[in-house]
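Now for the letters of each chain:
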Amino acid sequence: GTYVCNDGSYSPSCGCAYYPPAPVCAEATLGKSGNWTFENNGCNQDVHFTWDKGNNDEFYSLAISKTRGADPGPKADTTTTGFTFKNVKPGKWYINVKPGRSCGWGGIYNWTITVPEVKPEVYFYESVINESERALNYSATCAKKVEINQGVGKVDKSAGTIVIHPTSNILYTLIATN
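Rules and cut-offs
- Counting of residues starts from 1 at the beginning of each chain's written sequence and follows it residue by residue.
- Given that this is a predicted model, residues contribute local features only at a pLDDT of at least 70 and side-chain atom pairs are listed and counted only at 80 or more, while totals for whole chains, interfaces and linings are drawn from all residues.
- In computing side-chain values, all of the structure's heavy atoms are included and hydrogens and water are not.
- Where helices and strands are cited, they refer to DSSP runs of H or I of at least four residues and of E of at least two residues respectively, numbered from the N terminus.
- Think of it in three bands: residues with accessible area under 20% of the maximum for their type are buried, residues over 50% are exposed, and the middle band is partly exposed, with areas taken using a 1.4 Å probe on protein chains only.
- The definition of a polar contact used here is a pair of N or O atoms within 3.5 Å, where within protein one atom must be able to donate a hydrogen and the other to accept one, and adjacent residues in sequence count solely through side-chain atom pairs.
- The criterion used for residue contact is that any of the two residues' heavy atoms lie within 4.5 Å.
- In plain words, nonpolar cores are sets of buried Ala, Val, Leu, Ile, Met, Phe, Trp, Tyr and Cys residues tied together by side-chain atoms within 4.5 Å.
- Pairs of cysteine sulfur atoms within 2.5 Å are what we label disulfides.
- Working definition: rings of Phe, Tyr and Trp (its six-membered ring) pair if their centres are within 6.5 Å, and the pair is stacked with planes under 30 degrees apart, edge-to-face with planes over 60 apart, and tilted otherwise.
- In this scheme, Lys NZ or Arg CZ marks a charge over a ring once it lies within 6 Å of the ring centre and within 35 degrees of the ring normal.

> How would you explain the side chain of Asn96 if you had to name every residue and give the values?
Tracing the backbone through its elements, the reader meets Asn96 in strand β7 (residues 91-101). In this structure Asn96 comes out as buried when scored by relative accessible area, which is 0%. Here Thr67 takes part through its backbone oxygen, which lies 3.1 Å from a polar atom of the side chain of Asn96. If we skip the residues at most four places from it in the chain, Asn96 touches Ser61, Leu62, Ala63, Ser65, Thr67, Arg68, Gly69, Ala70, Pro72, Ile108, Tyr109 and Asn110.

Encoded structure:
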């Protein structure tokens, strides 16, 4: 603190007025490590992210972004050292975390992650149209492209059906790709 005397001088012995030092707000920091896991959510992923508690951190603002170091915002999202981002599309992302405390925010910490694609799933089922025709229905989830061999039958790609005239064992190949 500082004593200020009536004559403008500074001395602890004059006893005129005492001004205590301004409180110092130590910056909130994070630990250096972060860990993440993925869980399928339809054709996207839920990303569960945890990080080490740092010094003076009481709450956190965080975001998953295509921009490294982007400010996650002015409000606290959690007081724990873990968060789950829901329904994240595959690709390269940055998790940006800003620690805070009652007297202010710390700097932004970030981690680079690659969210994996969900493996496509393929489904077939056959139904009888009449004695000589069958409908082989197919579908694929989480696929950007679906192809079926067209060696036999009439393919209706929009409906996901191929009409076949079975005369012998035939192998059909359905290819689903991301």
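> Go over the nonpolar core with me, naming the residues and quoting the values.
Among the nonpolar cores identified, the biggest contains 15 residues, and Trp51 and Val97 are the most heavily contacted of them. Element by element, the count of residues in this core is highest for strand β9 (residues 109-115), at 4 residues. Other than its neighbours up to four places away in sequence, Val97 contacts Leu30, Phe49, Trp51, Tyr60, Ser61, Leu62, Gly107, Ile108, Tyr109 and Trp111.

> Give a description of the state of the cysteines that names residues and reports values.
This model, assessed by the stated rule, comprises 1 disulfide. Here Cys43 engages in a disulfide with Cys142; their sulfurs sit 2.2 Å apart. Taking the torsion about the sulfur-sulfur bond, which here is approximately -90 degrees, the covalent link between Cys43 and Cys142 counts as left-handed. In this pair, Cys43 is assigned in the loop between β3 (34-41) and β4 (44-51) and Cys142 in the loop between β11 (134-141) and β12 (145-148), connecting sequence segments 99 residues apart. What makes Cys142 buried here is its relative accessible area of 17%.

> Would you mind going over the packing of aromatic side chains in detail, with residue names and values included?
Following the criterion strictly, the structure yields 6 aromatic pairs and no others. Here a set of aromatic residues connected by ring pairs shows up, and it is made of Trp36, Phe49, Trp51, Tyr60 and Trp111. Cation over ring: Lys66 sits above Trp93, and NZ or CZ is 4.2 Å from the ring centre. The ring centre of Trp105 lies 4.7 Å from the NZ or CZ of Lys98, which sits over that ring.

> Which residues make up the environment of Lys75, and what are the values?
Within the secondary structure, Lys75 sits in the loop between β5 (59-65) and β6 (82-88). Each C-alpha atom of the pair Lys75 and Phe59 lies 9.4 Å from the other, and the pair is 16 residues apart in sequence. In contact with Lys75, not counting residues within four places along its chain, are Ser61 and Trp105.

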